[in-house]
Amino acid sequence: MNKPKTALDIEKIRSDFPILNEAVNGKSLVYFDNAATTQKPSVVINALTDYYGHYNANIHRGLHALAEKATFAFENSRHSLQRFLNAALVEEIIFTYGTTDGINLVAQTFGRRFLGQGDEIIISTLEHHSNIVPWQMLCEERGCVLRVIPINEQGELRMDEYEKMLSERTKLVSVVHVSNSLGTINPVKTIIEKAHAVGAKVLIDGAQATSHMEVDVQALDCDFYVFSLHKLYGPTGLGVLYGKKAILDAMPPYRGGGEMIKEVTFEKTTYNDLPYKFEAGTPNIADVVAALTAVQYVDELGKTNMAAYENELLRYATEQLGDIDGLRIVGQAAEKISVVSFVLAGIHPQDIGTILDQQGIAIRTGHHCTQPLMNRLGLPSGTARASFAVYNTFAEIDKLVQGIRKVQKMML
Ligand SMILES: Cc1ncc(COP(=O)(O)O)c(C=O)c1O
């Protein structure tokens, strides 16, 4: 096909990611499992070794030079994430272990403090298990009720049904910004407005959104926004919880220990100010420091450029895969990011994944941690999912198409 028009130098970008030179099963790697985790550019890998090699020290407490340097880098990264989300205040940026950890933090603190018998929490059919189970655990303990927004055949939320669910009993709405299984982009701004109209707070699970679109938490007016750095070209084991200051201030702490306290006696402990109140113990310093380079890397490429290119990849993949007999794309939302979920008639998704892997093509198969969604779609074995990032190419999509034809030849 013709070379796509893009403002980005894709070959240069590819050279930034050393893992893309790896051979897998004797073939050059085609990495289409980006919704699970993205690969890391050299600048991020180098930031980790630089930290450990030159200024590793515990932060906030030490007075020596290394501790000061590490503390500065750590807090500088918090400032860059504040700008990244356009949060009003730097203390609204809480470091967590990831999206899952952020949601559990909100459930265990905000949820346990403010939700009780008969209060309702609204989630959606598209949710990842990490935005289902913490609320189920809370409901079990506190007697709250979980309600679920249904979807239509394209994999979009039924907004009419959502509106019917809202009432003065609704205390929290917690929905995914972008579905990891289908790629659907949810109308979160409208969801937030409608929830606020009945006095409910809103958490947005942005795990799949931050690498594909601009996120402005003030424009959205969400109460909480959570995401993981490892899906944004950054390190694993690190996430961000954004929360509005007034709400975070009213919430009790999550874990107890060092850093999150002002003063401790055996009789009574007073808690630290934001954001430290929610960051007990030695944090993930190296990964926080490296996160700054991931955010800079994405900023330099420009989200608009990235999204435009990834949309071209999505359009091409949808077209090419759509030409394969017996292949059905699952999830045809009008607003979608670069995720293509599909099933092949007569072939188990696991077999698709295994045979593609033999050809060096990494995709994800199964329920994608969205078992209730797969059951709703009548696909208990799940789907095969190819998810694209900025370093993927049209030629790689051609390889995927050839690979799928090979799967059919072998299995049918
Ligand atoms: C939509 C969504 N939410 C939550 C998560 C959980 O993220 P983590 O495992 O980084 O906590 C994922 C991970 O795939 C996801 O895609």
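Our subject is the structure that appears above.
Note that the coordinates shown come from a computational prediction; the quantities given were computed from them, not determined experimentally. (Residues numbered from 1 in each chain as written. Predicted model: local features only at pLDDT ≥ 70, side-chain atom pairs only at ≥ 80, totals over all residues. Heavy atoms only, no water.)

K.L.:
Which parts of the structure should I look at to understand the packing of helix H2 (residues 42-55) against helix H3 (residues 65-85)?
P.N.:
In helix packing, the relevant descriptors are the interaxial angle and the interaxial distance, both defined with respect to the helix axes. It is the contact of H2 with H3, at a shortest axis distance of 10 Å, that shows an interaxial angle of 160°. Overall, the two elements H2 and H3 adopt an arrangement that is roughly antiparallel. Contact residues: Tyr-51, His-54 and Tyr-55 in H2; Leu-66, Lys-69, Ala-70 and Ala-73 in H3. Along the lines of polarity and charge, the residues of the contact of H2 with H3 split into five nonpolar, one polar and one charged. (Axes fitted to C-alpha atoms, helices over the stretch in contact; angles between N-to-C directions. Helix = DSSP H or I, 4+ residues; strand = E, 2+ residues; numbered from the N terminus. Parallel < 35°, antiparallel > 145°, perpendicular 65-115°, else oblique. Contact = heavy atoms within 4.5 Å. Nonpolar A, V, L, I, M, F, W, Y, C, P; charged D, E, K, R; others polar.)

K.L.:
Sorry if this is basic, but what is going on with the sheet that holds strand S10 (residues 239-243) here?
P.N.:
By way of backbone hydrogen bonds, the strands of a sheet pair with one another, either parallel or antiparallel. Spatial ordering of the open sheet is given by S4-S10-S9-S8-S7-S5-S6, a layout of seven strands whose pairing is mixed. Two strands lie at the open edges of the sheet, namely strand S4 (93-96) and strand S6 (145-149), each paired on one side alone. Recorded for the sheet is a direction-independent mean angle of 20° between the axes of neighbouring strands. Pairing between strand S5 (residues 120-124) and strand S7 (residues 170-176): three bridges, direction parallel. Bridging from a neighbouring strand, Ile-121 pairs with Leu-172 of S7. (Pairing = 2+ DSSP bridges.)

K.L.:
I keep staring at empty space enclosed by the protein and nothing clicks. Help me out?
P.N.:
It is the rolling of a water-molecule-sized probe over the atoms that shows where space remains empty. Under the definition given, this model contains one cavity of 30 Å³ or more. Of the volumes computed, that of the largest cavity is approximately 80 Å³. In terms of lining, the largest cavity is formed by 15 residues, of which the most central are Asn-34, Ala-35, Gln-208, Ser-211 and His-212. Each residue belonging to the lining of the largest cavity can be placed in one class, and the counts come to seven nonpolar, seven polar and one charged. In this structure, the lining of the largest cavity is formed jointly by two domains, domain 1 (10-40 + 302-411) and domain 2 (46-300), each of which donates at least three residues. (1 Å grid on protein atoms, 1.4 Å probe; cavity = no way out; pocket = protein on both sides within 12 Å on 5 of 7 lines; lining within 4 Å. Points joined across faces, edges and corners; volume = space filled by probe spheres on them. Domains from an automatic or database assignment.)

K.L.:
In this structure, what is going on with the layout of surface pockets? I would like to understand it.
P.N.:
The space that makes up the largest pocket amounts to roughly 290 Å³. Taken together, 21 residues make up the lining of the largest pocket; nearest its centre are Ala-35, His-128, Asn-180, Gln-208 and Lys-231. Looking at the lining of the largest pocket residue by residue, the classes come out as seven nonpolar, 10 polar and four charged. Two domains share the lining of the largest pocket, each providing at least three of its residues, namely domain 1 (10-40 + 302-411) and domain 2 (46-300).

K.L.:
Which parts of the structure should I look at to understand helix H12 (residues 349-358)?
P.N.:
Owing to its 3.6 residues per turn, the α-helix brings residues three or four apart onto one side. Taken residue by residue, H12 has Pro-349, Ile-352, Gly-353, Ile-355 and Leu-356 as its buried positions. Those residues of H12 hidden inside the fold are in contact with strand S14 (339-344), strand S15 (361-362), strand S16 (364-366), strand S17 (383-387) and helix H14 (394-411). Backbone geometry just after H12 places Gly-360 at a positive phi near 85°. (Buried < 20%, exposed > 50% of the residue type's maximum accessible area, 1.4 Å probe, protein only.)

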